[in-house]
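One-letter residues, chain by chain:
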Amino acid sequence: MNNSATPGRLIVLSGPSGSGKSTVIARALAPGDLPIRRSVSVTTRPPRPGEQDGVDYYFWTPEQFAQAVQRGEFLEWAEIHGQRYGTLKREVERHLRDGYSVLLEIDVQGARLIRQLFPDVVTIFLRAPDLADYEHRLRQRGTEDEASLQRRLAAVRQELAEADHYHYQLVNRDLDETVAALRALLRRILNPPAPKQ
């Protein structure tokens, strides 16, 4: 339980595949000194090497996901690259109830919906320096065949076009610098300067 007097904020971080979202968020929140909890999303895609169920994602079958959609358990969900991803209402509500701010790592479709549902949400867009970086990072993963990789790169271009709809943008040139920049930004969001008299 966070005993801070300030109510929790809802914060969204989006960025195309290969921008480094998961790594940057994990490192930014790792010290545990910020009153922020990451909402663990649900996905129907298989785990990548090193990913843990309940830590990186909840890995569900398409049937489990479809049932949760029917029961209205998601705050938002979308189909991306042939797999479904969603944010569980109970996951967000639990953290907010405990007095924490909540960081959602979601795609641009989900962010659009969250902006409609929560007008005071703070949005951050994380991007790689240029398109060549995305291709390099996606190829390094080794998880895509060529057709899938080209689909992801086409999606990168579409998602980059959404960046100007976000409150803040960070460019992930250097991991340590980006983590430090995100931590500084999160502190500003949680403790905005008092308005001048």
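What counts, and at which threshold
- Residue numbering note: each chain is counted from 1, following its sequence as written.
- In keeping with the model being predicted, local features are shown solely for residues with a pLDDT of at least 70 and side-chain atom pairs are shown and tallied solely at 80 or more, while totals for entire chains, interfaces and linings include all residues.
- Derived side-chain values reflect all non-hydrogen atoms in the structure, with water molecules and hydrogen atoms excluded from consideration.
- For Phe, Tyr and Trp, rings pair up if their centres lie within 6.5 Å, where Trp contributes its six-membered ring, and each pair is then called stacked (planes under 30 degrees apart), edge-to-face (over 60) or tilted (otherwise).
- Secondary structure elements follow DSSP: runs of H or I no shorter than four residues count as helices, runs of E no shorter than two count as strands, and numbering proceeds from the N terminus.
- Note on exposure labels: buried denotes an accessible area under 20% of the residue type's maximum, exposed denotes more than 50%, and partly exposed covers the range between, all computed with a 1.4 Å probe on protein chains only.
- Charge over a ring is defined by NZ of Lys or CZ of Arg lying within 6 Å of the ring centre and within 35 degrees of the ring normal.
- One less than the residue count of a helix, multiplied by 1.5 Å, gives the span that helix is expected to have.
- It is the directions from the helix axis to the C-beta atoms that the arc portrays.
- Contact definition: two residues touch when any of their heavy atoms are within 4.5 Å.
- Under this definition, polar contacts are N or O atom pairs within 3.5 Å; protein pairs additionally need one hydrogen-donor-capable and one acceptor-capable atom, and for neighbouring residues in sequence, both atoms have to be side-chain atoms.
- This count recognises Lys and Arg as positive and Asp and Glu as negative, with His and chain-terminal groups excluded.
- Salt bridge, as used here, is a side-chain nitrogen of Lys or Arg placed within 4 Å of a carboxyl oxygen of Asp or Glu.

### What to know about the packing of aromatic side chains
Right, on to step 1. Overall, the coordinates contain six aromatic pairs when judged by the stated rule.
Right, on to step 2. For the ring pair Trp60 and Phe74, a centre distance of 6.3 Å and an interplane angle of 50 degrees mean the geometry is tilted. With a gap of 14 residues between them, Trp60 in the loop between strand E4 (58–59) and helix H2 (62–70) and Phe74 in strand E5 (residues 74–80) connect regions that are remote in the sequence.
Right, on to step 3. Exposure remark for Phe74: the relative accessible area of 8% places this residue in the buried category.
Right, on to step 4. Ring geometry for Phe65 and Phe74: centres 4.5 Å apart, planes at 25 degrees, overall stacked. Accessibility classification places Phe65 together with Phe74 in one group, the buried group.
Right, on to step 5. Three or more aromatic residues joined by ring pairs form one cluster here, namely Trp60, Phe65, Phe74 and Trp77.
Right, on to step 6. In this structure, Arg37 packs its charged tip against the face of Tyr100, placed 3.9 Å from the ring centre.
Right, on to step 7. Seen from the ring of Tyr166, Arg115 lies directly overhead, with NZ or CZ sitting 5.2 Å from the centre.

### Digging into helix H6 (residues 146–160)
Right, on to step 1. Its 15 residues place the ends of H6 21 Å apart at the C-alpha level, agreeing with the 21 Å of an ideal helix rising 1.5 Å per residue.
Right, on to step 2. Here H6 has its buried residues at Ser148, Leu149, Arg152, Leu153, Ala155, Val156 and Glu159. The arc enclosing the buried residues of H6, seen along the axis, measures out at 160 degrees, which places them on a common side. The outward face of H6, more than 90 degrees from its buried face, is lined by the exposed residues Arg151 and Gln158.
Right, on to step 3. Along its buried surface, H6 packs onto helix H4 (108–117), strand E8 (122–127) and helix H5 (131–141).
Right, on to step 4. N-capping of H6 is provided by Asp145, with a side-chain oxygen placed 3.3 Å from the backbone N of Ala147.

### Things to note about the side chain of Glu159
Right, on to step 1. Summarising the element assignment, Glu159 is placed in helix H6.
Right, on to step 2. Lys21 provides the closest opposite charge to the buried, unpaired Glu159, separated from it by 6.0 Å.
Right, on to step 3. With residues up to four places along the chain from it excluded, the contact list for Glu159 reads Gly15, Pro16, Val108 and Phe125.

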